[in-house]
Amino acid sequence: MRIDHAIFGVAALLPAVVGTTCDIFQAAPEGVPCVAAHSTVRALYAKYDGPLYQVRRASDNETQDVPVLTAGGFANAASQDKFCADTDCVIWRIYDQSPNANHLDIAPPGGAHEQEDSPVNATREKLTVGGHEVYGAFFEGGQGYRIDKGNGVAQGNDPETIYVVVNGQHYNSGCCFDYGNAESNNMDTGAGSMEALYFGNSSGWGHGQGSGPWIMADLENGLWPANTKHYDGNIPMTSEFVTGVLKGETYGFALKGGDAQQGGLTTLYSGPRPIGYQPMKKQGSIILGIGGDNSDSAMGTFYEGVVTQGFASDATDALVQA
């Protein structure tokens, strides 16, 4: 699905099957239903007709939900524009479209940053998708979202799949532009406490080939391009819009990435976990834009992401990307 030239000079393309990402996971023969589905752009189920996110305006601190235009369709950004006219707005909540109600609210204090994070500017990035103006979640540092007690999210060594679409041109080396599974108490509780997909060019804990940006696994106390701290098989993802996949199974994990505009996914790593990370100790929180201990110096732009139950097959990954 090619989409229109975006406002502010951003050209974009999100995955080809509009509104059905979670339908594909649900229908997969291996059984990998979404347990969380977040997007500021579109519905991730063909029949979803509820709110995508909530904005709050500065003039009177009132809030309003931003719904889809039609079931399975794009965000009704015009409703946001009207509500936010002549004032500033922030994204106050990103709704979970799955039945599990894993809504993402502003991240609370944590071990690395002992204050509540800030919300993102709701109008910082506007783009046009399939003829519809929509907004991304543009993180500029000090901003993050979280649900501490996730419902149905993998715990312990349970398998899961994490999928995202992010802006491939907006990133930094700060910790940590993550989406995925993290600690339930906002503290660093040691290796294996997290399984979140990271995008950026941080190289202090681990890195792939070249200078990035890379898709890596934040497994706590390390950003892993593979089961070693340096892995040339994990190539930079430099397209304008990037699809990222992190899959955790019983004895290992896999990373994939690709151009969200065209082509398939490249396997960046598939194999055992690093020493000290098996078995995993996942806790079932979900984070966005931050590390598990509320490290919040990262930058990035998020369009959509899902967390599933179970380890998706390569065939299912390909269908989601197609």
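Check the entry above for the structure.
A. Quick look at the pairing of strand β16 (residues 252–259). The buried count for β16 comes to eight of eight residues, which makes it a mostly enclosed element. With seven bridges joining them, strand β15 (residues 241–248) and β16 adopt antiparallel strand pairing. Residue pairing in the sheet places Gly244 in a bridge with Gly257 of β16. Between β15 and β16, which follow one another and run antiparallel, lie three residues. With six bridges joining them, β16 and strand β17 (residues 266–272) adopt antiparallel strand pairing. Within the sheet, the bridge partner assigned to Gly257 lies in β17 and is Thr266.

B. The arrangement of the sheet that holds strand β13 (residues 214–218) in detail. Strand order in the open sheet formed by ten strands is β3-β2-β4-β5-β9-β18-β11-β12-β13-β14, and the pairing between neighbours is antiparallel. Two strands close off the open sheet at either side, each with one partner strand: β3 (63–67) and β14 (223–224). As paired elements, strand β2 (residues 51–57) and β3 share five bridges and run antiparallel to each other. Paired with Gln54 across the two strands is Asp65, which belongs to β3.

C. Looking closely at helix α3 (residues 314–321). Within α3, burial applies to Thr316, Asp317, Val320 and Gln321. Down the axis, α3 shows its buried residues gathered within 135 degrees of arc, on one side only. For α3, exposure combined with an orientation more than 90 degrees from the buried face picks out Asp314 and Ala315. The inward-facing, buried residues of α3 abut α1 (21–27), β10 (160–171), β15 and β16.

D. Fine view of unusual backbone geometry. For the bond running from Cys175 to Cys176, omega is -15 degrees, close enough to zero to count as cis. The omega angle of the peptide bond from Gln278 to Pro279 is 0 degrees, so this bond is cis rather than trans. Following the sequence through the fold, Pro279 ends up in the loop between β17 and β18 (285–288). The phi torsion at Asn61 lies on the positive side, around 60 degrees, for a residue other than glycine.

E. Local environment of the pattern of salt bridges. By the definition in use, this model includes 14 salt bridges. Across the salt bridge formed by Glu304 and Arg42, the nearest N and O atoms sit 2.6 Å from each other. Here the residue Glu304 occupies a position in strand β19 (residues 299–309), and Arg42 occupies one in the loop between β1 (34–39) and β2, the gap between them amounting to 262 residues. Among the ionic pairs, Glu195 bridges to Arg273, the shortest N-O distance being 3.2 Å. A residue pair is termed long-range when its members are at least 10 positions apart, and Glu195 in strand β12 (residues 195–200) and Arg273 in the loop between β17 and β18 qualify at 78 residues. The exposure class assigned to Glu195 is buried, which follows from its relative accessible area of 0%. The network of salt bridges with shared partners includes Glu160, Glu195, Arg273 and Lys282.

F. Examining the environment of Val41 more closely. Its place among the elements puts Val41 in the loop between β1 and β2. When the C-alpha atoms of Val41 and Leu127 are compared, they prove to be 9.4 Å apart, with 86 residues separating the residues in sequence.

G. Quick peek at the packing of aromatic side chains. Here the structure, examined in full by the defined rule, presents eight aromatic pairs. Measuring from centroid to centroid gives 5.5 Å for Phe139 and Phe177, while their planes differ by 65 degrees, and the two rings are edge-to-face. Of this pair, Phe139 sits in strand β8 (residues 137–140) while Phe177 is found in the loop between β10 and β11 (178–182), placing the two residues 38 residues apart along the sequence. Each member of the pair Phe139 and Phe177 is classed as buried.

H. Region of the structure containing the pairing of β15. The element β15 is largely enclosed, with a buried count of eight among its eight residues. Here β15 shows no split at all, with Phe241, Thr243, Val245 and Lys247 on one side and Val242, Gly244, Leu246 and Gly248 on the other all buried. Alignment of β10 against β15, held across eight bridges, turns out to be antiparallel. In the sheet register, Ile162 faces β15, and the bridge partner there is Leu246.

I. Just the side chain of Glu160, in detail. In this fold, Glu160 is placed in strand β10. Residue classification places Glu160 among the buried residues on the basis of a relative accessible area of 0%. Residue contacts for Glu160: discarding those within four places in its chain leaves Val153, Ala154, Asn181, Glu195, Leu246, Lys247, Gly248, Lys282, Val307, Thr308, Gly310 and Phe311.

Criteria and thresholds
Residues numbered from 1 in each chain as written. Predicted model: local features only at pLDDT ≥ 70, side-chain atom pairs only at ≥ 80, totals over all residues. Heavy atoms only, no water. Buried < 20%, exposed > 50% of the residue type's maximum accessible area, 1.4 Å probe, protein only. Helix = DSSP H or I, 4+ residues; strand = E, 2+ residues; numbered from the N terminus. Pairing = 2+ DSSP bridges. Arc of directions from axis to C-beta. Contact = heavy atoms within 4.5 Å. Salt bridge = Lys/Arg side-chain N within 4 Å of Asp/Glu carboxyl O. Phe/Tyr/Trp six-rings, centres within 6.5 Å; stacked < 30°, edge-to-face > 60°.

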